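# Survey of secondary and tertiary structure
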Amino acid sequence: MLTAGTIINGGLRLVRERPVSVAIWGLVYLGATIVGGLLLVLPLLRMRMEPMQGGQFVPPDPMAMMGSIYLFDFGILVLLVVLVAAGLRAVLRPEDGGFAFIRLGMDEVRLVGLALLFFIAMIAIAVVFGILLAIFIGAGVAMAPGAPDASAAPFGQIPASAVVLMLLFYAGIVWLQVRLAPSIALTMIRERIAIGEAWRLTRGHFWPMFGGFLVLGLMLMLGYLALLLLVVAPFFGEIARGFGPGGMAALQQGNVGGLGAFGIAMIVGTIGFAILAGIGIAFWAGGIATATAALLEEEGEGIAAAFE
């Protein structure tokens, strides 16, 4: 039987049983983010943002900048798919083994295709929602006394119906994400993109799945918050000391011994970010894989049979 605890235990169990793989996933993600940013984004921005070339101002090329950023984002998306596939494989196909269960094959190709389908669908939904929201806001402002120009209306004049529409939109997105979450694991199990089956399996199971993923998300968020406080605490501590006698002058001259502690905190924060990134991947993959296995068992089909 699928419960919120099933999903929570699935995410935690993957972290507990595969700590080395989880650490590798986090380090790979962190390394790719740093290297990709340096190779694709930062050099382009530095080159295009030079204020003067030959005595004349040369504005940045927005198309080149956006192209590099989109390429970087797509690369990160593919990397995340590969790492999530590794997490799913660690739960569903542990006998496959490999270096932290990371592989590049048809499973990853199908999952990238699934991610692109979801991305295109999200864009279409966002466009339709934007049109509906503009209609609601325009109609509400036009009917409000003293505000005939909808384009100049302040935020306070946005009608309540538009606010309700926004809330319904975000709730609908969460609902779709939860209902379709098993499609990721099912795509690997069935060796084909399986969106319809995920929709069928999750019928009547929204709240247990939502609760399980919510708890895992809150746990991860608390971890990031603690890491953030750890990183910024030394810096703000030095700023607070700067308001004491002679402290501001020391800050301006850079004569602050505590900044060394800030550098250490940054190193620790970077390592912590890598660990949390790996844990996040494990939470997501472990929770989805365990939930999918439970749903298949309710249908009378064990995971072993699913691969036959």
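Residues numbered from 1 in each chain as written. Predicted model: local features only at pLDDT ≥ 70, side-chain atom pairs only at ≥ 80, totals over all residues. Heavy atoms only, no water.

## Some thoughts on the overall build of the protein
Check the secondary structure of the protein and you find 11 helices and zero strands. Along the chain direction, N to C, the helices and strands of the protein fall in the order α-α-α-α-α-α-α-α-α-α-α. Counting across all 308 residues of the protein, residues that qualify as buried make up 36%. When the accessible surface of the protein is split by element, carbon and sulfur atoms take 74% of a total near 17,100 Å². (Helix = DSSP H or I, 4+ residues; strand = E, 2+ residues; numbered from the N terminus. Buried < 20%, exposed > 50% of the residue type's maximum accessible area, 1.4 Å probe, protein only. Areas by Shrake-Rupley, 256 points an atom, 1.4 Å probe, with all protein chains shown as cover.)

## Here's the deal with the nonpolar core
With 54 residues, the main nonpolar core has W25 and L88 as its most contacted residues. Residue assignment for this core shows that the elements contributing at least two residues are helix 1 (4-17), helix 2 (19-48), helix 3 (62-92), helix 4 (106-143), helix 6 (182-190), helix 7 (195-201), helix 8 (206-242) and helix 10 (259-298). Sort the elements by how many residues they give to this core and helix 10 lands first, with 13 residues. Setting aside anything within four residues of it in sequence, one finds W25 in contact with L14, L83, A86, G87, A90, A100, I102, G278, I281 and A282. Counting residues in each nonpolar core, the second largest holds six residues, with L133, A162, L165 and F169 among its members. (Core = buried A, V, L, I, M, F, W, Y, C linked by side-chain atoms within 4.5 Å. Contact = heavy atoms within 4.5 Å.)

## Considering the side chain of R110
As for its placement among the helices and strands, R110 is situated in helix 4. Overall, R110 belongs to the buried group, its relative accessible area being 18%. The residues touching R110, leaving out its near neighbours within four places in the chain, are T187, E191, R192 and I193.

## Some remarks on the packing of aromatic side chains
A ring pair, where both rings are aromatic, is described by two values, the distance of the centres and the angle of the planes. Considering all chains together, one arrives at nine aromatic pairs under this definition. Taken together, the ring pairs in this structure connect Y29, Y224 and F273 into an aromatic cluster. It is R179 that lies over the ring of W199; its NZ or CZ is 3.9 Å from the centre. (Phe/Tyr/Trp six-rings, centres within 6.5 Å; stacked < 30°, edge-to-face > 60°. Lys NZ or Arg CZ within 6 Å of the ring centre and 35° of its normal.)

## Looking at a nonpolar patch on the surface
A contiguous nonpolar surface patch, about 840 Å² in accessible area, is contributed by F119, I120, I123, V127, V128, I131, L132, I135 and F136. With respect to the secondary-structure elements, V127 resides in helix 4. The exposure class of V127 is partly exposed, given its relative accessible area of 48%. (Patch = residues over 30% accessible without salt bridge, like charges linked within 9 Å, V, L, I, M, F, W, Y side chains within 5 Å. Salt bridge = Lys/Arg side-chain N within 4 Å of Asp/Glu carboxyl O.)

## A word on the pattern of salt bridges
Applying the stated rule across the entire model yields eight salt bridges. Between D107 and R93 there is a salt bridge, with its nearest N and O atoms 2.8 Å apart. Of this pair, D107 sits in helix 4 while R93 sits in the loop between helix 3 and helix 4, placing them 14 residues apart in sequence. For R93, a relative accessible area of 9% corresponds to the buried category. Residues joined by salt bridges that share partners form a network here, namely R89, R93, D107, E108, R110 and E191.

## Remarks on the confidence of the model for the protein
In this model, the protein carries an average pLDDT of 80, and 72% of its residues clear a pLDDT of 70 or more. By mean pLDDT, helix 9 (residues 247-253) is the weakest element of the protein at 50, and helix 1 is the strongest at 94. Under a pLDDT of 50 for its full length, residues 147-156 has, in the predicted model, seven contacts with residues more than four places off or in other chains. Across residues 254-258 the pLDDT falls below 50, and counting only partners more than four positions away or on other chains, this stretch makes five contacts in the model. (pLDDT = per-residue confidence, 0-100.)

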